[in-house]
Amino acid sequence: MSIIQDAAQALMKTAVGLAPERWLPGGTPDPLIRKHGQLGAPVSRLDGPLKVQGKARFAAEVPLENMLYAALVHSTVPRGRISALDTAAAEAAPGVALVMTHRNAPRMSPPPLMMTVPDAAGASDLPVMQDDRIHWNGQPVAVVLAETQEQADAAAELIAVTYQGEPAITSFAEAKTKAHPPASILGEPPLLEIGDAEAALRDAAYKVDLRYTTPRYNHNAIELHACTVTWEEEDRLIVHDASQLVNATAATLAMVFGLKAEQVRVMSPYVGGGFGGKCLWDHQILAAAASRLAGRPVRMMLSRESVFRIVGGRTCTEQRVALGAKADGTLSALIHSGVVAMTAHNSCPEQFSFPARHLYAADTFRLEQEVAEMDMLANTFMRAPGESVGTYALECAIDELAEAMALDPIELRRRIEPAKDPTSGHDFSARHLVEAYAAGAERFGWSSRDPAPGRRREGEWLIGVGCATGTYPYYRMPGAAARIRLTADGRATVQCATHEMGMGTMTVQAQHAAERLGLPIDRVTFEYGDTSLPHGSIAGGSSQTASVAAAVMAANDALVADLLKLAGNDSPLAGLKANEVEGRDGGLGKIDAPDVHESYVSILARAQRGEVVAEADAPAPLEVMRYSMHSYAAQFCEVRVNAVTGETRVSRFLGAFDCGRILNAKLARSQFRGGIIMGLGLALTEETLFDERTGRVMNPSLAEYHVPVHMDVPDIEILWTDAPDPHSPLGARGIGEIGITGVGAAVANAIYNATGKRIRDLPITLDKLM
């Protein structure tokens, strides 16, 4: 990802002359990269008991004295101006303390767009409630503050708004007529071309040239988006948030309100689901503005409908995949192009073409994306943005090409397996996709598959199987830091302003620190989710584990150096260097010398304060500049399709994953399964219904936006290679997003094998199969 590469390149100048990262060739091998102990163990989530007992305090549960409750009023037109706004009835309603509109809102700067400046978190760079302009159907036009939530909600219904509408582009078909290349796709050029792919396609012995579409999808985390905010004096903002980027949220709010970053503190210890949606939206800015105006703390919790109105999701795509193959089954041409909907005020173009850059070898490539600008809510990242829908199109096309060539789909993938990254030419850091396919196929029983569609049947039910490749890039974000405090009683506290969204960060980093320090896990505390702690890494891009692990490793190195100085000449460790010792048995010991050891309690008896504190920044993510680094999946699906009604039931699913070292078997299995379940929703049930006449989302509730429920989910079997990546911290690559990738295609390919019907437009609902 060039954004990370750019950051790494900037930092590389400061890295010249420094010791290389310990997990890179030429550096000291990390003793933990292959060690099995607490790392890898299926430790239950440390935050689990707090959550099931109701002791975990979420953003909408923080009690503040004299607090007001907020409700929003949303626009009902996609573009125009507010011509009349009557708030008198609401202001006179029982319990109402304030009604804020553009007429009395504090003056604020527009939030800077994410990835445009360091620590920016804006999903859109539109000003928030600063004028009478309307930019999308659902935009907040008023905030009501009252003594109770019920009073705020009731008063919001009393506000009358009249609009002067303006012509709006709310039709994707219309927008596509003016589609254009974006300046970049997350820092990458929108066109990547190697050779003449169109000519190679024309001359290919076998070819497919296909169109696929995917709809809008909306975030529906269990925890509704919420924040509780208060101002200390006039210049210090405290925000209790549901956030997966606390540092960026604090920095951006500071820019919006004209403060210094250190004047904003954001705390988010618990997040009830994020998946890319728990970022900075209008509600945090409006809550802070209303709190400043009212002079009282404010709680704003969005309704489920409000989440659909002001929190973006995955945007729609139209994709072309064209593949040309030679008689030997290798690719002569790989074309993946298309268009996505976007607004003019954000930069999240659903990078569906990215998987095709790295998955398969081909003689020629043409990978191109355009954007079609619409008047709608800004879209944002959603679990495996781009890769989840991009692998749907690419992997369905691979299946169709395999059929045209009378090849087994796995055999075709084996023949086009690249030795190096096919577009960058970089070596792969580690790649065991073929092995994952072999293990998955054997366990799933792929060899018994009937390649002819529609031949397996049990009564009304047609049965089919399909497979697909999943992929997601390895990211390690620059800027993470960690602090370790080791006390005389042999306890350690590790601090980093990172995030726990239920995926197990708190647990895995405690396991990591305990293993590295040589302490039992119950003597290690991991503190996170607070901008008063050392700068953290965002929970996004499946990057957090590696990013934080690198910072903890750096802090541990600094701690060991300080401990050796403190130990002095009277210690058994005298004369040893930091790279000659390791944490074990509650102290430091010489590597490969069990009898040379001193406990932390003994060493710290020499410390005046009875503790040692060390803090360090993670080294620059230079590995992403040297290697092509990705997680991989081989997804296998069995479906049953009712020949009468078209109802589809997924009866079996297996995911075989190659994601480097698995740091916690229990939590990893949960993450893989969760991604697969979300992929089943992407394939079969989920779709945001967008009224192109009004620009309005028409199914803003879980009663009408259908996510998979318990009875939709089959037995899901998980395998993994557990092969450490020698070029990443702890040998680990990301696992949070890989699970959803390839699932849509595996389901679609299985449905074809069952029915003989190719469905190229998601979701695959029963009406498309009848």
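In what follows, the accompanying structure is described.

## Overview of the overall build of the chain
Part 1 of the reasoning: Per the secondary structure count, the chain includes 19 helices and 31 strands.
Part 2 of the reasoning: Relative to the 2.2 N^0.38 estimate, which gives 27 Å for 770 residues, the radius of gyration of the chain is 27 Å and therefore close to what a compact globule would have.
Part 3 of the reasoning: Principal-axis analysis of the C-alpha atoms gives the chain an extent of 80 × 75 × 50 Å.
Part 4 of the reasoning: Looking at the chain as a whole, 62% of its 770 residues are labelled buried.
Part 5 of the reasoning: Across the chain, the fraction of contacts at a sequence separation of at least 24, relative to all contacts at a separation of at least 6, is 81%.
Part 6 of the reasoning: Each charge sign in the chain was given a centre, from 71 positive and 91 negative side chains, and these centres are 2 Å apart.

## Looking at the state of the cysteines
Part 1 of the reasoning: Per the stated rule, a full pass over the model turns up zero disulfides.
Part 2 of the reasoning: Residue Cys316 stays outside any disulfide, its sulfur separated by 13 Å from that of Cys348, the closest cysteine.
Part 3 of the reasoning: Lacking any disulfide linkage, Cys637 is separated from the closest cysteine sulfur, that of Cys467, by 10 Å.
Part 4 of the reasoning: Owing to a relative accessible area of 0%, Cys637 belongs among the buried residues under this scheme.

## Thoughts on the packing of helix α11 (residues 387–404) against helix α19 (residues 743–755)
Part 1 of the reasoning: Running from amino to carboxyl end, α11 crosses α19 at an angle of 35 degrees, the nearest separation of the two axes being 8 Å. The interaxial crossing formed by α11 with α19 has right-handed handedness. Of the residues in α19, those touching α11 at Thr391, Tyr392, Glu395, Cys396, Asp399 and Glu403 are Gly744, Ala745, Ala748, Asn749 and Tyr752.
Part 2 of the reasoning: Among the residues making up the contact of α11 with α19, the classes are represented as five nonpolar, three polar and three charged.

## A short note on the nonpolar core
Part 1 of the reasoning: Leu323, Leu331, Leu334, Phe636, Phe653 and Val747 are the most contacted members of the largest nonpolar core, which totals 101 residues.
Part 2 of the reasoning: By residue number, the principal contributor to this core is α11, which donates nine residues.
Part 3 of the reasoning: Not counting residues up to four positions away in its chain, the partners in contact with Phe636 are Ile410, Tyr437, Gly440, Ala441, Phe444, Trp446, Gly466, Cys467, Arg652, Phe653 and Leu654.
Part 4 of the reasoning: Core analysis: the next-biggest nonpolar cluster, separate from the first, contains 53 residues, Leu98, Leu253, Ala288 and Leu302 among them.

## Brief notes about helix α8 (residues 282–294)
Two residues of an α-helix separated by three or four positions point the same way, owing to the 3.6 residues in each turn.
Part 1 of the reasoning: Helix length check: α8, at 13 residues, gives a terminal C-alpha distance of 18 Å against a target of 18 Å (1.5 Å per residue), a fit within 8%.
Part 2 of the reasoning: Following α8 by one or two positions, Gly295 has its phi on the positive side, about 70 degrees.

## Focus: the sheet that holds strand β3 (residues 96–100)
Part 1 of the reasoning: Spatially, the seven strands line up as an open sheet ordered β3-β5-β1-β12-β9-β10-β11, and their pairing is mixed. The open sheet terminates on both sides in strands that have one partner only, identified here as β3 and β11 (264–267). The mean angle between the axes of side-by-side strands here comes to 20 degrees, regardless of whether they run parallel or antiparallel.
Part 2 of the reasoning: One ladder, built from six bridges, connects strand β1 (residues 68–74) with strand β5 (residues 140–146); its direction is antiparallel. Looking across to β5, one finds that Ala70 is bridged to Leu145.
Part 3 of the reasoning: Docked against the sheet, helix α4 (residues 149–156) engages β1, β3 and β5, running at close to 25 degrees with respect to β1.

## What about the pairing of strand β23 (residues 587–590)?
Along any regular strand the residues' side chains alternate between the sheet's two faces.
Part 1 of the reasoning: Of the pairings in the sheet, the one linking strand β22 (residues 581–584) to β23 comprises four bridges and is antiparallel in character. Bridge pairing in β23 links Val581 to Lys590.
Part 2 of the reasoning: With three bridges connecting them, β23 and strand β24 (residues 597–599) associate as antiparallel partners. Each bridged residue has a counterpart across the sheet, and for Leu588 the counterpart in β24 is Glu598.
Part 3 of the reasoning: Remark: six residues form the turn of the hairpin made by β23 and β24, two consecutive strands paired antiparallel; Asp592 in that turn has positive phi of roughly 65 degrees.

## Regarding the sheet that holds strand β21 (residues 524–527)
Part 1 of the reasoning: Strand order across the open sheet formed by four strands is β21-β20-β19-β25, with mixed pairing between neighbours. Every interior strand has two partners, whereas the edge strands, β21 and β25 (611–617), have only one. Put simply, the sheet's adjacent strands are angled 15 degrees from each other on average, direction ignored.
Part 2 of the reasoning: Here strand β19 (residues 481–487) runs beside β25; their pairing, made up of seven bridges, is antiparallel. Counted as the bridge partner of Ala482 is Ala616 from β25.
Part 3 of the reasoning: Sitting on the sheet, helix α14 (residues 505–517) touches β19, β20 (492–495) and β21, and the angle it makes with β21 is about 135 degrees.
Part 4 of the reasoning: Of the strands in this sheet, β19, β20, β21 and β25 are in contact with helix α15 (residues 544–567), which crosses β25 at around 140 degrees.

## A short note on the side chain of Thr380
Part 1 of the reasoning: Note that Thr380 resides in the loop between β15 (362–373) and α11.
Part 2 of the reasoning: Accessibility expressed as a relative area gives 3% for Thr380, which makes it buried.
Part 3 of the reasoning: When residues no more than four places from it in sequence are discounted, the contact partners of Thr380 are His219, Gly276, Trp281, Gly312, Gly313, Arg314, Cys348 and Glu350.

## Some details on α11
Part 1 of the reasoning: With 18 residues, α11 should cover 26 Å at 1.5 Å per step; its first-to-last C-alpha distance of 25 Å lies within 8% of that length.
Part 2 of the reasoning: The element α11 is largely enclosed, with a buried count of 16 among its 18 residues.
Part 3 of the reasoning: Looking one or two places after α11, you find Ala406, whose phi comes out positive at around 55 degrees.

About the criteria used
Residues numbered from 1 in each chain as written. Predicted model: local features only at pLDDT ≥ 70, side-chain atom pairs only at ≥ 80, totals over all residues. Heavy atoms only, no water. Helix = DSSP H or I, 4+ residues; strand = E, 2+ residues; numbered from the N terminus. Rg over C-alpha atoms; globule rule 2.2 N^0.38 Å. Buried < 20%, exposed > 50% of the residue type's maximum accessible area, 1.4 Å probe, protein only. Contact = heavy atoms within 4.5 Å. Lys, Arg positive; Asp, Glu negative; His and termini not counted. Charge placed at Lys NZ, Arg CZ, Asp CG, Glu CD. Disulfide = S-S within 2.5 Å. Axes fitted to C-alpha atoms, helices over the stretch in contact; angles between N-to-C directions. Left-handed = near helix turned anticlockwise from the far one by under 90°. Nonpolar A, V, L, I, M, F, W, Y, C, P; charged D, E, K, R; others polar. Core = buried A, V, L, I, M, F, W, Y, C linked by side-chain atoms within 4.5 Å. Expected span 1.5 Å × (residues − 1). Pairing = 2+ DSSP bridges.

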